[in-house]
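Listed below, chain by chain, are the residues.
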Amino acid sequence: MTSSSSSSDSVSHSEAELLLSQWFSPPVPGAVCAMSESGSCPAAAATPPSSGPSSSVEVAEAFSTSGKARVLTEIQAGPLYRVVGSRLAISCNVSGFADVESRKEFEFRVTKPAKPIVLNIVSTSDPRFGYTVYRARGRDIALTHVSPNSVLFEIQSLRKDDEGEYDCAVINPEYVHDGIYSVKTVVKVIDDSLSASSAVSASQRKNEGEALALTCRASSNTIQHTHLSVAWYLRNEGDDDERLIVSLDRDFTLRPGPTFQGRYLAGLLRLDKIGEATYKLTMGRLEASDAGRVYCRAQEWIEEPDLSWYSLTQKTAEETVLHVKGRELAPDKVSVVVRLSAQQTSLQEGQELLLKCSVDTQKPEEKFFSVVWLRAGVELARIGPTGVVSVRPEYARQEEHGELRASRVGYRDYRLVLQPVSTGDQGEYVCRVWPQERGQRGAFVQGEPQDSDAIPVSISATASGLSVEMQRAVLVNEGDTLKLACKVHGSKGQLSVIWQRKVAQMLTFANLIGLSQEGVLETAAVEVANFVRATRPAEDVFLLELDEITLADSGGYQCVVSEWNSRSKTNSHSVQTTLTVASTDSFVDVNLISRKNVVTVGDNVELMCRVRGPRLAVTLTWSLQRSASAVDNILTMYSDGAVSWSGELERFHLRVDNKPSERIYYLLINGASHREAGSYQCRVSVFQKNAYKKLSPSNTLAVMVQNPASDLIVTPTPALTRDVSSDITIKCSVTSSRSGSSRYSVTWILQQHTRNVSILSSDRDSSITSTADRSRRLSMRRTKGPHFELTIRDSQISDQGVYVCQVVEWLQDPRGEWYHLPSVSGSSRLTLIEPDNNLLLDDKEKQIIAQEGDEVQLACELISGSCGDSCSYKVTWFYSRRGSSYVNAPLLELDHMGVLRYPETKDLRGLQGRIRLSRSDRSNFGLEIQRLHEQDSGSYWCQVEQYQLGNEGHWEQKGSVDGGPVMLLVNLTDNSLSIIKEELEFNVSTSEDFTIPCHITKQSSLESKFQVTWFWQMKKETERQPVFTSYRNATLEDFWSARLERLRFGHALPDQFSLTVLKPTPWEGGLYSCEVEEWLPSLSHGWRRAAVERSGYSTVTVYSQGESETRRDCQSGTWISVSVAVGLCSLLIITVLVLKLRKAKSTEKKSGQSLWKEQHHLTTKFSADDSATARGEEEQINRNIVIV
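Below: a short report on this structure.

Cut-offs applied
- Residues numbered from 1 in each chain as written.
- Predicted model: local features only at pLDDT ≥ 70, side-chain atom pairs only at ≥ 80, totals over all residues.
- Heavy atoms only, no water.
- Helix = DSSP H or I, 4+ residues; strand = E, 2+ residues; numbered from the N terminus.
- Contact = heavy atoms within 4.5 Å.
- Polar contact = N/O pair within 3.5 Å; in protein donor to acceptor, adjacent residues only side chain to side chain.
- Phe/Tyr/Trp six-rings, centres within 6.5 Å; stacked < 30°, edge-to-face > 60°.
- Buried < 20%, exposed > 50% of the residue type's maximum accessible area, 1.4 Å probe, protein only.
- Lys NZ or Arg CZ within 6 Å of the ring centre and 35° of its normal.
- Salt bridge = Lys/Arg side-chain N within 4 Å of Asp/Glu carboxyl O.
- Pairing = 2+ DSSP bridges.

**Let's talk about the environment of Asn-924**
Okay, so step 1: When you line up the elements, Asn-924 lands in the loop between β72 (915-918) and β73 (926-929).
Okay, so step 2: Taking the C-alpha atoms as reference, Asn-924 lies 9.6 Å from Ile-863; in sequence the two are 61 residues apart.
Okay, so step 3: With sequence-adjacent residues up to four places away left out, Asn-924 is seen in contact with Cys-860, Glu-861, Ser-918 and Arg-919.
Okay, so step 4: Reaching out from Asn-924, the side chain makes a polar contact with the side chain of Ser-920 at a distance of 3.4 Å.
Okay, so step 5: Looking at Asn-924, its side chain comes within polar contact range of the main-chain nitrogen of Gly-926, at 3.2 Å.

The structure is reproduced here in structure tokens:
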């Protein structure tokens, strides 16, 4: 990520105007902005009518008070190279804002290299910000937030004309400008020149254990410094996932795939680079799991400015379908003894070598074998289990001419015949035999190999005297033609020649080209990229020619000359040589020099590119890199003398000086300007084999173009003291300059306290721009001298301060483009005198506490200084919120003309829509806030400015005063939720239902919504489990859904809820409770959870059906027994009383005694009869009870 190094360098004129406009609330009259098609003027898009440097200086001075920029915007460092059709992603983030959590709004623009016009692309805040050409691309272009402070800009499919300089700008939500809000990066769109192809047939069939060799060509023609990586993959049939076999990474590291690691370590897996663009895959001992689609994939990588590697593009070559026949049966162990015999082991050239291989085993006629003859470990010929003979490619020609024959002559015997032999055929011969077992499907399963003893064969040259002579070592420059001469001595018959080659990764020599004894050319057995010729310029000389030698042609070469008698070969002799190819870089040197590389604007520059070495067809390219930008090609001179210009023709000239040992290419720059400054480099490429081979570029040479020294002297007016309402003129004189054709841009800056405000500016074309709200009273003119005068009419107290006259001298370079010299400033202090003013507001701090949704009135009333109808007032209410970026944000403004407006503040629009200005009289400016939100909490204060009509009928400011802050605290609704919490007990059977009530006795608000959840737990110490929930949006959720239709929810009244369990089971007994969540609507947060209350426990005991009837019968019998006992006791007591009463009456009749008290005596002792009678009655009662 990079950002601009300094504020003055990175902040444009438009951003300076943005800074100044944010210091003033009203719109800037006369300001010019690059508007989007939606008609809005984006925050970061304001541009002045001309590109003067004054704004940058103003911003730099504004930043100088803090010492370091607080806000920092960063973007990916460029240049970013991407290919046509690929995806472009640019990240951009900002840091340093006070409110880190709030979402920042970003805008992206682009400047095309062909036309330096800024084009709007996309914005996170305004969908109509981009121009139609970008909006029409729809989802192809997107700008999305990754976090509140970072975004990702994406183009899904790049076009060629998407190249340019991309600008990421963040919209400043604060009322201060302190930092870097806009950064840029360069995107270069290049062609996709990567190619990947495979020359192998689309299908190959192999047996398990055999080897596989595939080649893939991958190359790129881009002029950028890129790396290629090549990887081979395998996708098995029916499997969507690909498996990596082996890869050659961009750093030339060989990495096997995870499933091929073992084979790589065992040496059975190779990936070799052959030449400059060929990659060969070799897999030994194929396995059945290797069957599938094999293909190679090439990727082109480029190093980004942050030193990371980026994949530009990738291409996949054609697939090869590989079929592998696996082993179906495990072969039985076969006892095999292999014997090798030779008819003769000491031979002369031209004789026949006969080798017999015998296989001793039981029942050979029922078995199959594979037989291979090897010489010095290299296979010569093979006979398969079905009798098919195959030879290595380099011996194919000998087989065609009958010089190598292999055959089976019996169940046990196999023969190999070489005739005629040469000295190259001598060595140790071995016969190797594999038992083969045929499977159920006909495939052969190979057993363990058995080798014979080695037989040494020696071959001596005949006495014919044939000998061959050739240079032992040859050195050839890359691109030259190779000529190898093979001289023959002592020949007697006809001669033939075979030229052979052994390059890297080849164990033996392979035929390259041949010339028979009849003079017929024989084609090569190996692939040859060169144009190859074999000739016989003399009777005893054979010549091999290879055109345009490359580094890959290095290696060993062999000339094999054979002597013929009639149609049989009688003798042969060979000789070898080693070819070394010198790289073009080793004999071509490119150097860039200059006699003078630091010049002043308008001077001439001469650069010399010296190319030392042999005369080659070279193509030379001059390139220029300006500062940290991408490399630009100036021109290209081809080997045929044609010149392709990429820059401006009139600025550059080319001259070539040819010398015997070198060429000097001169690049002349006539009248250098700043556009010609940068790092120059010349690059040389050689055209070989229809392609350009790039050589090492020259050293870079920096050309620095300096501005001339400035002679500008500015003389300002001395300090001034004037009365308020007077007209004032401040003069700024230029007393010295560098040229009579110079132009000047002038900016007047007003310094008040710690801020600098640009009030008027004049560009080099004398176009005046105002950037302050007092512009209708300000004017500027230029007089002869030159002198620049600033006039302030009807001066006000707010006009006093230090006025800085900042003058920039502009000159033209040889291109006709204007450049400026450093600015020179002069300052004048203006002091204004005004009458005393007694304007006064209540400055005491007040505090108001209110509930959300209420309405409050904030007071702002003049205590003194009111002047009746002769005065008018401008009132502004400000708002600050703690912990946010809103510090003294204007909410509402009533100017002295009675115009009410709401300053544009995006995130305060909601609050501004609920405020009203209340004026009960001329000295009262109250603020009414309706439907309070919680985030309305903060500090509010008012500012009152007093205006009075002057002598000329203009309103003049007479005073200004600030009121004390009003601290407003907005609380949410209080919590008063209450529910019934009594403990209940239920004893029910499994055939009965029970109901758990949940009644609300008190709620916080009539707008409350409730979420009720019933819980069950076995005991109080166990974890509770949810049973049923009724959500506040009338959605029901049954957590016992597995027990279908067992729960019944009831909601008879708004504050009464119930849950009935139907036909419970014994294990559903336990503790039940309900929990109530109260939700209230909030103006700030939407619905919020205000309170949670939990009921008491309802203990439920559930009995099974049989147990319940037993308990009921027992309870019923008990009650009946008690009732009968009580009834009998009552009846017995009544009977006793009746008997006593009758007895008393009978006694009274017999004695005739009176009932008066005086006539009776108290008896304190019962008689015996009475006692007996009482005992008898008691016993009778007891018997009655027993009977009952």
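From this point, the narrative continues.
**So, the environment of Ile-634**
Okay, so step 1: Within the element layout of this structure, Ile-634 appears in strand β47 (residues 631-637).
Okay, so step 2: Along the sequence, Ile-634 and Cys-682 sit 48 residues apart, while their C-alpha atoms lie 9.9 Å from each other.

**A look at the packing of aromatic side chains**
Okay, so step 1: In total, this model carries 15 aromatic pairs according to the counting rule given.
Okay, so step 2: Here Trp-1014 and Phe-1049 contribute two aromatic rings whose centre-to-centre distance is 6.1 Å and whose plane-to-plane angle is 75°, an arrangement assigned as edge-to-face. Within this pair, whereas Trp-1014 is found in strand β80 (residues 1009-1017), its partner Phe-1049 is found in strand β83 (residues 1047-1053), the two being separated by 35 residues in sequence.
Okay, so step 3: Considering the side-chain rings of Phe-1028 and Phe-1049, the 5.6 Å spacing of their centres and the 25° angle between planes classify their relative orientation as stacked. Separated by 21 residues along the polypeptide, Phe-1028 in strand β81 (residues 1025-1030) and Phe-1049 in strand β83 bring together distant segments of the chain.
Okay, so step 4: Overall, the relative accessible area of 6% leaves Phe-1028 in the buried class.
Okay, so step 5: Assessed through its relative accessible area of 24%, Phe-1049 is described here as partly exposed.
Okay, so step 6: Within the aromatic cluster, the residues linked to one another by ring pairs are Trp-1014, Phe-1028, Phe-1049 and Phe-1057.
Okay, so step 7: Its end group placed over the ring of Trp-301, Arg-250 keeps NZ or CZ at 4.6 Å from the ring centre.

**Thoughts on the side chain of Ser-1073**
Okay, so step 1: Among the secondary structure elements, Ser-1073 is positioned in strand β85 (residues 1070-1082).
Okay, so step 2: In contact with Ser-1073, other than residues within four places in its own chain, are Thr-1013, Trp-1014, Phe-1015, Ser-1095, Gly-1096 and Tyr-1097.

**Comments concerning the pattern of salt bridges**
Okay, so step 1: Throughout the structure, instances matching the rule amount to 49 salt bridges.
Okay, so step 2: As a salt-bridge pair, Asp-140 and Arg-137 come within 2.9 Å of each other at their nearest N and O atoms.
Okay, so step 3: Assessed through its relative accessible area of 15%, Asp-140 is described here as buried.
Okay, so step 4: Given a relative accessible area of 11%, Arg-137 falls into the buried group.
Okay, so step 5: A salt bridge links Asp-425 to Arg-375, with the shortest nitrogen-to-oxygen separation between them at 3.2 Å. Of this pair, Asp-425 sits in the loop between β28 (413-418) and β29 (427-438) while Arg-375 sits in strand β24 (residues 368-375), placing them 50 residues apart in sequence.
Okay, so step 6: One salt-bridge network, in which partners are shared between bridges, spans Arg-235, Glu-237, Glu-242, Arg-293, Arg-297 and Glu-319.

**Examining the sheet that holds strand β77 (residues 978-979)**
Okay, so step 1: The four strands are arranged β77-β79-β84-β83 in an open sheet whose pairing can be described as antiparallel. The open sheet is flanked by β77 and β83, the only strands paired with a single partner.
Okay, so step 2: As paired strands, β83 and strand β84 (residues 1056-1061) are joined by five bridges and run antiparallel to one another. If you follow Gly-1050 over to β84, its bridge partner there is Ser-1058.

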